[in-house]
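Chain by chain, the residues run as shown.
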Amino acid sequence: MSDPGDLAAFLGDAWQHLSRGVADAKAPARTPTFATVSPEGRPEARTVVLRRAAQSAGEVEVHTDTQTAKVRALRACPFAALHVWVPRAKLQIRLSTAVTLLSGEDVEAEWNKVPQGSRISYGTEPAPGTPIAGVHAYEKPPQRARFMVLRCQIEDMDLVHLGEPHRRARYLRADGFAGTWVAP
């Protein structure tokens, strides 16, 4: 961890963990919890894979199938929260985001980077969440048309370090992510 009193360094530490999550399948930030609100107003949370973290743009991205419940939720309310716990660093990263749903020609470059074996994640039949007759009564044909990128523009970043002493800071897009110390 960086200088414990330096807001910019604390933010930099968090972005290092997020970037490592994109690059390293074993990094804790690789699989954040992604939370939305269903069209019925109920909270929904699931694990996703972090595919991009861009500090300069203040964005992270995940990929999904267009037929998932999270896409239905985001179409009704285009906001999501992501949660990452980094045990060794004793760091909690919470991101409140505005989500843009991208598909079709807009995501051609991203689709081309998806390994052949991973493309089966986009096209489950019947659609994810549909009741099935038995445990394996589904197919997973890769369907390019079902691939979607969720571009999450970070509006609020809340960091909590649970070392001794605890420290917490909030960073808002509205002030250029300058940061403010807040009580942990």
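Higher on the page you've got the structure.
Caption draft 1: Focus on the pairing of strand S4 (residues 59-65). Most of S4 sits inside the fold, with seven of its seven residues counted as buried. Neither face of S4 is exposed, since Glu59, Glu61, His63 and Asp65 on one face and Val60, Val62 and Thr64 on the opposite face are all buried. Two elements, strand S3 (residues 50-54) and S4, share four bridges in a ladder whose sense is antiparallel. Within the sheet, the bridge partner assigned to Ala53 lies in S4 and is Val60. Between the antiparallel neighbours S3 and S4 lie four residues, among them Gly58 with a positive phi of about 65°. As paired strands, S4 and strand S7 (residues 147-161) are joined by seven bridges and run antiparallel to one another. Paired with His63 across the strands is Val149, a residue of S7.

Caption draft 2: Summary view of the pattern of salt bridges. Taken as a whole, this structure holds 13 salt bridges when the rule is applied. Arg144 is the partner of Glu108 in a salt bridge, and the nearest nitrogen-oxygen pair spans 2.9 Å. Here the residue Glu108 occupies a position in helix H3 (residues 108-113), and Arg144 occupies one in the loop between H3 and S7, the gap between them amounting to 36 residues. Since its relative accessible area comes to 22%, Arg144 is described here as partly exposed. Two residues, Arg168 and Asp158, come together in a salt bridge whose shortest N-O distance is 2.6 Å. On the criterion of sequence distance, the pair formed by Arg168 in strand S8 (residues 167-172) and Asp158 in strand S7 is long-range, its members being 10 residues apart. Connected through salt bridges with shared partners, the residues Arg52, Glu59, Glu61, Glu110 and Arg151 form a single ionic network.

Caption draft 3: Summary view of the nonpolar core. If you look at the biggest cluster of nonpolar residues, it comprises 33 residues, and the most contacted ones within it are Leu18, Phe34, Val60, Ile93, Met157 and Tyr171. Beyond its immediate stretch of four places on either side in the chain, Ile93 contacts Ala14, His17, Leu18, Leu82, His83, Val84, Val86, Met157, Asp158 and Leu159. Counting residues in hydrophobic clusters, the runner-up holds seven residues, among them Leu102, Val107, Val114 and Val149.

Definitions and cut-offs
Residues numbered from 1 in each chain as written. Predicted model: local features only at pLDDT ≥ 70, side-chain atom pairs only at ≥ 80, totals over all residues. Heavy atoms only, no water. Buried < 20%, exposed > 50% of the residue type's maximum accessible area, 1.4 Å probe, protein only. Helix = DSSP H or I, 4+ residues; strand = E, 2+ residues; numbered from the N terminus. Pairing = 2+ DSSP bridges. Salt bridge = Lys/Arg side-chain N within 4 Å of Asp/Glu carboxyl O. Core = buried A, V, L, I, M, F, W, Y, C linked by side-chain atoms within 4.5 Å. Contact = heavy atoms within 4.5 Å.

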